[in-house]
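# Topology and contacts: notes
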Amino acid sequence: MEIPIFTVDAFTSLPFKGNPAAVCLLENDLQDDIKQSIAAEMNLSETAFITKHNSVDFSSGSRFGLRWFTPKTEVALCGHATLASAAVLFYLKKNANPVVVFETMSGELYVRQHKDSIIMDFPLNKPQPQDQHKIKGFLKAVVGDLPIEDVCYSPALRWLMIRLADSCDRSKFTSLSPIAEDLLKSETTGEIKSVIVTIKGAPNVQPGYDFYSRFFAPWYGVAEDPVCGSAHTILAAYWSEKLNKKKMLAYQCSSRGGELDLEVRDDGRVNISGRAQIILQGTLKV
């Protein structure tokens, strides 16, 4: 079997920046173990699998199935691989539909083009305050002795968010390098599957980022995700309330880096916008 496969750098206008995802276009669906093997072979934070509905082709269809796999497991929600999938349909397959719908484990996700960006309609995941003292050892494994302003938890995703104090030097934030093995040893309950670290931005200094973030997910086999769109379903909810803003510009400070435009909506959802660069296309033989 030959499967069209692409590598797409998401949340960037430059190649080799942002977050790379593999995208597979499936004429016929595959067994889950084969999808997992392909994801492990690609060894990117996510590999996306797009399936057709009702035998409509990828150029004219407006509704597709979409699933995401890390090298280790399937995930329920992934932003950058959704952006990458939409880029393949819009840019390579020349899909002319104004809106494309992906049917996923997290419900229907609507994507559309806007100028040079792709806008994704995602659920908003408002985090809940978390008692720092109960996870003191884990927090130290993540941020060491850096001062913490706030800790929140998303039960929907089982992701923890740590906000560092505004007084924390940004260089210390960007140089954070928690050891994956230490995180796995510090959290074995299954209650935490990923951890976000965030800090207030400098909106008055160009380009005007409202906040910065990092994302660590060794429980999914991803030591650090370069730019995590789904983490911003939590971050957008948190920072919108703290900053009293609906529209925000965010930057994820991994070594590759990536930029996200966010708009928190009144219907409990968030528009996540970004650019994407398709850097590789080929054929996978299975």
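Keep in mind the model is a prediction, meaning the values are calculated, not measured.

Following the sequence through the fold, asparagine 95 ends up in the loop between helix H2 (79-92) and strand S6 (100-104). By relative accessible area, which is 2% here, asparagine 95 ends up buried. In this view, asparagine 95 contacts Phe58, Ser59, Ser60, Gly61, Phe64, Leu89, Phe90, Val100 and Gln113; residues no more than four positions away in its chain are not counted.

Glancing now at the nonpolar core. Core analysis: the largest hydrophobic core is formed by 57 residues, its most contacted members being Ile50, Trp68, Phe102 and Trp159. The biggest single contributor to this core is H2, with 8 residues. Excluding residues within four positions of it along the chain, isoleucine 50 makes contact with Val23, Cys24, Leu25, Leu26, Phe58, Phe64, Gly65, Leu66, Ser85, Leu89 and Phe102. Judged by nonpolar contacts, the second largest core, of 25 residues, contains Leu146, Ile162, Leu164 and Leu183.

Okay, the environment of leucine 176 next. Here leucine 176 is to be found in the loop between helix H4 (170-174) and helix H5 (180-186). The contact partners of leucine 176, leaving out residues within four places of it in the chain, are Val142, Val143, Leu146, Val197 and Arg214.

Attention shifts here to the pairing of strand S13 (residues 211-216). Burial within S13 is extensive, with 6 of its 6 residues counted as buried. Neither face of S13 is left uncovered, since the one carrying Phe211, Ser213 and Phe215 and the one carrying Tyr212, Arg214 and Phe216 both have all their residues buried. Relative to S13, strand S12 (residues 194-200) runs antiparallel, the two sharing 6 bridges. Within S13, the residue paired with isoleucine 199 across the bridge is tyrosine 212.

This brings us to unusual backbone geometry. Note that the residue after glutamine 206, namely proline 207, is joined by a cis bond; omega there is 5°. Within the secondary structure layout, proline 207 lies in the loop between S12 and S13. Phi at lysine 94 takes a positive value of approximately 55°, unusual for a residue other than glycine. By secondary structure assignment, the location of lysine 94 is in the loop between H2 and S6. For lysine 94, a relative accessible area of 61% gives the class exposed. A positive phi angle is found at arginine 158, which is not glycine, with a value near 60°. Secondary-structure assignment places arginine 158 in the loop between strand S10 (148-154) and strand S11 (159-164).

The subject of this paragraph is the pattern of salt bridges. Side chains that differ in charge, positive against negative, can pair when their charged atoms come close. In total, this model carries 16 salt bridges according to the counting rule given. The closest approach of N and O atoms between aspartate 121 and arginine 269, which form a salt bridge, is 2.4 Å. Placement of aspartate 121 in strand S8 (residues 117-123) and of arginine 269 in strand S16 (residues 269-274) is noted, with a sequence separation of 148 residues between them. Salt-bridge contacts for arginine 163 lead to aspartate 166; the nearest nitrogen and oxygen are separated by 3.0 Å. Connected through shared salt-bridge partners, Asp121, Arg265, Asp267 and Arg269 make up one network.

Quick look at helix H3 (residues 136-143) now. Because the α-helix completes a turn every 3.6 residues, residues three or four places apart line up on one side. Taken together, the buried positions of H3 are occupied by Phe138, Leu139, Val142 and Val143. Axial view of H3: buried residues confined to an arc of 110°, hence all on one face. Along H3, the residues that are exposed and aim more than 90 degrees away from the buried face are Lys136 and Gly137.

Bringing the packing of aromatic side chains into the picture now. A full pass over the atoms with the stated rule returns 8 aromatic pairs. Ring plane angle 50° and centroid distance 6.0 Å describe the contact between phenylalanine 138 and tryptophan 219, whose orientation is recorded as tilted. With a gap of 81 residues between them, phenylalanine 138 in helix H3 and tryptophan 219 in the loop between S13 and helix H6 (232-243) connect regions that are remote in the sequence. The two residues phenylalanine 138 and tryptophan 219 agree in class, both being buried. Pairing tyrosine 209 with tyrosine 251 gives two aromatic rings, centres 5.1 Å apart and planes at 40°, and the pair type is tilted. In this pair, tyrosine 209 is assigned in the loop between S12 and S13 and tyrosine 251 in strand S14 (residues 247-252), connecting sequence segments 42 residues apart. Put simply, the rings of Tyr209, Tyr212 and Tyr251 touch in pairs and so form one group of aromatic residues. The ring of tyrosine 212 is capped by arginine 170, whose NZ or CZ atom sits 4.1 Å from the centre of that ring. For lysine 193, the ring lying beneath its charged end belongs to tyrosine 220, and the centroid distance is 5.9 Å.

About the criteria used
Residues numbered from 1 in each chain as written. Predicted model: local features only at pLDDT ≥ 70, side-chain atom pairs only at ≥ 80, totals over all residues. Heavy atoms only, no water. Helix = DSSP H or I, 4+ residues; strand = E, 2+ residues; numbered from the N terminus. Buried < 20%, exposed > 50% of the residue type's maximum accessible area, 1.4 Å probe, protein only. Contact = heavy atoms within 4.5 Å. Core = buried A, V, L, I, M, F, W, Y, C linked by side-chain atoms within 4.5 Å. Pairing = 2+ DSSP bridges. Salt bridge = Lys/Arg side-chain N within 4 Å of Asp/Glu carboxyl O. Arc of directions from axis to C-beta. Phe/Tyr/Trp six-rings, centres within 6.5 Å; stacked < 30°, edge-to-face > 60°. Lys NZ or Arg CZ within 6 Å of the ring centre and 35° of its normal.

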